[in-house]
Every structure is written in structure tokens, then in C-alpha cells.
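One letter stands for each residue in the lines below.
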Amino acid sequence: MAKMVQKNQKGQRGRVGYGSSYRKGSHRDMASGKEIGTVLGGQVWMVKPDRQAKTDTPCLWMTAGVVRYKNCSNFYDCTTCRYDQGMVQQVKKGKSISWQTAMRKKPDLERICRHSLTRRIAGRVCPYDYNCGGCDFDQFFEDVLTPKTANHPLDVQRVKGFGVPLDYYFHNGHTWAKIESGGCIRIGVDDFALKLLGRADALDLPLMGKELDQDRAGWGLKRNGKSADVLSPIDGVIVEVNSSVRENPGLANREPYSDGWLFMVRTPNVKGTIKKLMADADSLDWMNSEVQTLENMIEETAGPLAADGGYLQEDIYGNLPDLGWENLTGTFLKT
């Protein structure tokens, strides 16, 4: 959660995203044009960019000291970042020094790894003079450690007992996508679908190198002789498959948003591929609607006392098989 510190009696400075000062305002202030107006919890807040503020996602060029302030807006995927490409051109024209050159000018103990500069790992001194292409650790971190290491969601909201993490993106076929530092996207099946269909006997997962298409069947699950296709939430190529889930499908049910992930995917356009997905308030509203649809189906099948406003039990299909496997997968998985 963002830390807010007192700046003065008129405003405060925030460390979220772009640096900013904020203060309470009125609807009259919204038309001033001098600040950015927003409404939160019925209160008008006026936000003003502040060059002195810090960021929780600093650009590599900023932490190296080449530029004064730049927030990373590309998930630390420097290879596809237009700002990084622009700065490289400035270096070639002699109008700026590179971030590598800036770091080489520092004392030995301050020449830390680029992954430490972007706060992806703890402090680590660079032993290769910022020639990252020849660094064994850099290759290990990008190709092995990051894809295999799941993050745990920071803020999980509950909708009638179903978990919805606010920093994840959701597809309406009940799959999720989580953008990792470096531009890879981790994907899996959400808590609702896993509790709805119960523990799968097997997950039919493709191999690395398989290309996924958004809104198309990307993999499947099987239970008691029945099978269901699952739609991929994004476009991309699979670069890692969670072998633990392949061997133990129940892991997905126990930890759907962390250790129960399914794939790590690379896509050439991270921002473009997530535009169709839901996040934060949109995902909560959608989940509420899905739960209401499910409750209506349960009432039609088992009577009005079956869905009484409380939490629904896990393995809903297993407890109420009359709901129909095909009916459930068609309604919620969209397959």
C-alpha cells in the first residue's frame, strides 16, 4: 500500500505512479484546469504532478541518475519500451550518456545489478561491468528464476467466498492474467471456476512454444470422464509451463492465484493484449454478476433454500450434479 507523507497544510505528496501532490477540493475546483480532479468515496481530490515526488516503479534511466524523474510504464520490459529506445538514440547522437556509463562512474560498491536498480531483487553488485549479455545471472534470472517463481497477490477481495485479487486481469471465461516484472504474463484459472467444477482429475496443458490466441480454447481440464475447454485470456507464446500443476491438479484449487498458475506467456504487445480484460472494480462487478447467475441456476435446480445469500461451498458441481456439466461450462467458461 502506498505510503503518504505530510508535505504542508495545503496538500500531501504521494508515492504512487507519477509523483503528485494532492488535497481535498470541491466540485468548483474541478473546472480550474490547474490540477487533475477526481472523486473517491464522495470526496473531491485535486491532484497536481510533483517532480520532487518519488515513484515505486522507477525507470532504469532514473535510478542510474541519467534523468531526474521517469516512472516505468512498461513493466520493466526495456526491449519493447519506446522511452528506452528513444534514450538509446539520444546516446548515439551524443546528447546523453547511457545508463551503463552512468553506473560505471559510481564507486565499486554502488555499481549494483540492473535488476536491483529496478527493485526486482535485493542489492547485488554487478560483476560484469554492465555487459548484461554476457552475465550468467542475468540469463538465469530472466529465463529461469522469474518464470518459475510465482508472486502472491497483495489484495484479494471476496465475493460470496470467491477470491478476486485486485492487481490481476480477468477474462470473462474465468481465467486470469498477471503481468510480471519484465513483461511476461502469468496466466491461470480463477477461484470461481475451480470451486464451480471441483478438483480436476487432470489438466490438459500444452507444451512450451505453443501459441495461445485470445478468446480461443488454449487448454482443458477433465473430471469423472467429462472434459471442458478453457479459453485463453491473452495472445502469446508459452515460455514456461507449471509442471507442479500438471502433476498435481489440486494445487490450482488450493492456490489459484499463486503456486497454482498454469503458464508464463510472452506477447509482443503487453498493453494491447490486456485491453479486453477486466481489473479492479470491473472485475468485482463482473464477479458479483456471475455469482448472481450461479445462485439463480442453483435455485432453479435445487429450490430457493439452496442459495440463501451465504457463501457457496467448494465443488459446486460435485454437490449439485443436476446443474449439468455442459450447462456450467457453457455458461461460465464460454465453451
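Basis of the calculations
Residues numbered from 1 in each chain as written. Predicted model: local features only at pLDDT ≥ 70, side-chain atom pairs only at ≥ 80, totals over all residues. Heavy atoms only, no water. Pairing = 2+ DSSP bridges. Helix = DSSP H or I, 4+ residues; strand = E, 2+ residues; numbered from the N terminus. Core = buried A, V, L, I, M, F, W, Y, C linked by side-chain atoms within 4.5 Å. Buried < 20%, exposed > 50% of the residue type's maximum accessible area, 1.4 Å probe, protein only. Contact = heavy atoms within 4.5 Å. Phe/Tyr/Trp six-rings, centres within 6.5 Å; stacked < 30°, edge-to-face > 60°. Polar contact = N/O pair within 3.5 Å; in protein donor to acceptor, adjacent residues only side chain to side chain. Salt bridge = Lys/Arg side-chain N within 4 Å of Asp/Glu carboxyl O.

A. Broad picture of the sheet that holds strand S9 (residues 175–179). The seven strands lie next to each other as S12-S15-S16-S10-S9-S8-S17, forming an open sheet whose pairing is antiparallel. Since the sheet does not close on itself, it has two edges, and those belong to strand S12 (211–212) and strand S17 (278–279), each with one partner.

B. Quick look at the nonpolar core. Counting 55 residues, the largest nonpolar core has Ile187, Phe263, Leu294 and Leu328 as its most contacted members. If one sorts the elements of this core by residue count, helix H10 (residues 281–302) sits on top with seven residues. Sequence-distant contacts of isoleucine 187, defined by excluding residues within four places in its chain, comprise Trp176, Ala177, Leu212, Trp219, Pro233, Ile234, Trp261, Leu262, Phe263 and Val265. Met62, Val67, Ala102 and Cys126 belong to the second largest nonpolar core, which has 13 residues in total.

C. Representation of the packing of aromatic side chains within the structure. The full count for this structure, using the stated rule, is eleven aromatic pairs. Residues tryptophan 99 and tyrosine 130 carry aromatic rings whose centres are separated by 5.6 Å and whose planes lie at 85 degrees to one another, so their mutual orientation is edge-to-face. One end of the pair, tryptophan 99, is in helix H3 (residues 99–104); the other, tyrosine 130, is in the loop between helix H4 (114–117) and helix H5 (136–148), with 31 residues separating them in the sequence. Assigned by exposure class, tryptophan 99 and tyrosine 130 land together as buried. Between the aromatic rings of tryptophan 176 and tyrosine 257, the centroid separation amounts to 6.0 Å while the plane-to-plane angle is 55 degrees, which identifies the pairing as tilted.

D. Quick peek at unusual backbone geometry. Even without being glycine, tyrosine 130 reaches a positive phi, approximately 65 degrees. Unlike most non-glycine residues, aspartate 280 shows phi in positive territory, near 55 degrees. Within the secondary structure, aspartate 280 sits in the loop between S17 and H10.

E. Region of interest: the side chain of asparagine 71. Mapped onto the fold, asparagine 71 is located in the loop between helix H1 (60–63) and helix H2 (82–92). One polar contact links asparagine 71 to threonine 57, side chain to side chain, over a distance of 2.4 Å.

F. Inspection of the pattern of salt bridges at higher detail. What the rule picks out here adds up to nine salt bridges. Among the ionic pairs, arginine 114 bridges to aspartate 138, the shortest N-O distance being 2.9 Å. Placement of arginine 114 in helix H4 and of aspartate 138 in helix H5 is noted, with a sequence separation of 24 residues between them. Each member of the pair, arginine 114 as well as aspartate 138, carries the same accessibility label: buried. One network of salt bridges, with partners in common, ties together Arg158, Asp191 and Lys195.

G. Region of interest: the environment of asparagine 151. Turning to its location among the elements, asparagine 151 is positioned in the loop between H5 and strand S6 (156–159). Taking relative accessible area as the criterion, asparagine 151 reaches 38% and is therefore assigned partly exposed.

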